[in-house]
Amino acid sequence: QVQVVESGGGLVQAGGSLRLSCAASGRTFSRYGMGWFRQAPGKEREFVAAISWSGGSTYYADSVKGRFTISRENAKNTVYLQLNSVKPEDTAVYYCAAGPTTQAMSVLIRRYEYNYWGQGTQVTVSS
């Protein structure tokens, strides 16, 4: 079982940067694909970025490609999401999630592929 806790959210001006962290517990963290999703008020939760358990594969939503970077440090049981050049439309609650996978290079991009979710961290981008 894996528990995940997000941190690093806050208020940032448009064009600025922010780094979110996701601390995970569990001895098998290194065998979980990790992902970030976000949910804006009145909208469905949407996929943002994912990384394989090896860290060798990543995948991004078109809306954040080139601006956000996902990374992980298995030794620290931590996943990061670096947000650069943020826009007001990036305002949302950001959720970290973990899903089991047997393939070192597999990325999980669908909500149902993730078993464990954090409580979320609010990111607000002011214009």
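Note that this is a predicted model, so its numbers are computed, not measured.

A. Local environment of the sheet that holds strand β7 (residues 68–73). Pairing is antiparallel across the open sheet formed by four strands, whose spatial order is β1-β3-β8-β7. If you trace the sheet from one side to the other, it starts and ends with β1 (3–7) and β7, each paired once. When strand polarity is set aside, the average angle formed by the axes of neighbouring strands in this sheet is 15°. Pairing of strand β3 (residues 18–25) with strand β8 (residues 78–83), which is carried by six bridges, proceeds in the antiparallel orientation. Its bridge partner lying in β8, S21 is registered against Y80.

B. Spatial organisation of the pairing of strand β11 (residues 121–126). The alternating pattern of β11 places T121, V123 and V125 on a buried face, while none of Q122, T124 and S126, on the opposite face, is buried. Note that strand β2 (residues 10–13) and β11 share four bridges and pair parallel. Across the sheet, the residue bridging to G10 is V123, located in β11. Sheet topology note: the strand β9 (residues 92–100)/β11 ladder contains three bridges and is antiparallel. Paired with Y94 across the bridge in β11 is T121.

Parameters and conventions
- Residue numbers restart at each chain and count upward from 1, following the sequence in its written direction.
- The predicted nature of this model means local features are confined to residues of pLDDT at least 70 and side-chain atom pairs, given and counted, to a pLDDT of 80 or more, with totals for whole chains, interfaces and linings taken over all residues.
- Where side-chain values are given, they derive from all heavy atoms of the structure, hydrogens and water being excluded.
- The pairing criterion for strands is at least two bridges between them, as found by DSSP.
- Secondary structure is summarised from DSSP: a helix means a run of H or I of at least four residues, a strand means a run of E of at least two, and numbering begins at the N terminus for each.
- Lines fitted to C-alpha atoms define the axes here, with helix axes fitted over just the stretch in contact, and angles between the N-to-C directions of these axes take values from 0 to 180 degrees.
- Residue burial is assigned from relative accessible area. The probe radius is 1.4 Å, only protein chains are included, and a residue is buried under 20% of its type maximum, exposed over 50%, and partly exposed in between.

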